[in-house]
Amino acid sequence: MRKSLLGLVLAIEAVGALAATPQTAVLDVQNMTCSLCPITVKKALEKVPGVSQAQIDFQKKTATVTFDADKATAAGLVKATTEAGFPSAVRK
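The rules behind each value
- Residues numbered from 1 in each chain as written.
- Predicted model: local features only at pLDDT ≥ 70, side-chain atom pairs only at ≥ 80, totals over all residues.
- Heavy atoms only, no water.
- Helix = DSSP H or I, 4+ residues; strand = E, 2+ residues; numbered from the N terminus.
- Buried < 20%, exposed > 50% of the residue type's maximum accessible area, 1.4 Å probe, protein only.
- Contact = heavy atoms within 4.5 Å.
- Salt bridge = Lys/Arg side-chain N within 4 Å of Asp/Glu carboxyl O.
- Phe/Tyr/Trp six-rings, centres within 6.5 Å; stacked < 30°, edge-to-face > 60°.
- Lys NZ or Arg CZ within 6 Å of the ring centre and 35° of its normal.
- Pairing = 2+ DSSP bridges.
- Axes fitted to C-alpha atoms, helices over the stretch in contact; angles between N-to-C directions.

Undergrad: What am I meant to see in the overall build of the chain here?
TA: Within the chain one finds 3 helices and 4 strands. In the chain, the succession of α and β elements from N to C terminus is α-β-α-β-β-α-β. Every one of the 92 residues in the chain was classed for burial, and the buried ones make up 27%. In the chain, the proportion of contacts linking residues at least 24 apart, taken out of those at least 6 apart, comes to 60%.

What follows is the structure, given as structure tokens:
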């Protein structure tokens, strides 16, 4: 029983090591004109499956998003902000 349990634990750790490394994208966001706009942008991004963090900079008009590339794409992030009324583009 102990050997089976140990084998299971080792297998789970191996799978965890293969998990995707989080990626970060910076989006230039349009139409943020008031202090409530960043809240809307953040909520839209956080609804995208795979997004683990979204930081919005109102002054710079950017969103820095950390996400799992196996679950989300930069195009999906752009789509989310655009559908919320804030068109964006990935900063190169």
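Continuing now.
Undergrad: Explain the pattern of salt bridges to me, please; I cannot follow it from the model alone.
TA: Side-chain pairing between opposite charges can occur once the charged atoms of the two side chains come close. Scanning the model with the defined rule gives 3 salt bridges in all. Glu46 is the partner of Lys42 in a salt bridge, and the nearest nitrogen-oxygen pair spans 3.5 Å. Of this pair, Lys42 and Glu46 both sit in helix α2 (residues 37-46), separated by 4 residues, roughly a single helical turn. Relative accessible area serves as the criterion here: at 33%, Lys42 is assigned to the partly exposed category. Residue classification places Glu46 among the partly exposed residues on the basis of a relative accessible area of 41%. As a salt-bridge pair, Lys79 and Glu83 come within 3.9 Å of each other at their nearest N and O atoms. On the criterion of helical spacing, the pair formed by Lys79 and Glu83 is a turn pair, its members being 4 residues apart in helix α3 (residues 74-83).

Undergrad: How do you make sense of the packing of aromatic side chains when you look at a structure like this?
TA: The relation between two aromatic rings is expressed through the spacing of the ring centres and the mutual angle of the planes. This structure, assessed with the given rule, holds 0 aromatic pairs. Of note, Lys61 hangs over the ring of Phe58, and the distance from its end group to the ring centre comes to 3.8 Å.

Undergrad: In this structure, what is going on with the sheet that holds strand β3 (residues 62-67)? I would like to understand it.
TA: Backbone-to-backbone hydrogen bonds join strands into a sheet, with any given pair of strands oriented parallel or antiparallel. Judged by pairing direction, the sheet is antiparallel, and its 4 strands sit side by side in the order β2-β3-β1-β4 without closing on themselves. Only two strands of the sheet have a single partner each, and these edge strands are β2 (51-57) and β4 (88-90). Sheet twist, expressed as the average angle between the axes of neighbouring strands with direction ignored, equals 25°. Inspection of the sheet shows strand β1 (residues 23-29) paired to β4 by 3 bridges, in the antiparallel sense. Following the sheet pairing, Asp28 is matched in β4 by Ala89. Contacts from α2 reach β1, β2 and β3 within the one sheet, and its direction differs from that of β2 by about 165°. The strands that α3 touches are β1, β2, β3 and β4; relative to β4, the one it contacts most, it runs at about 165°.

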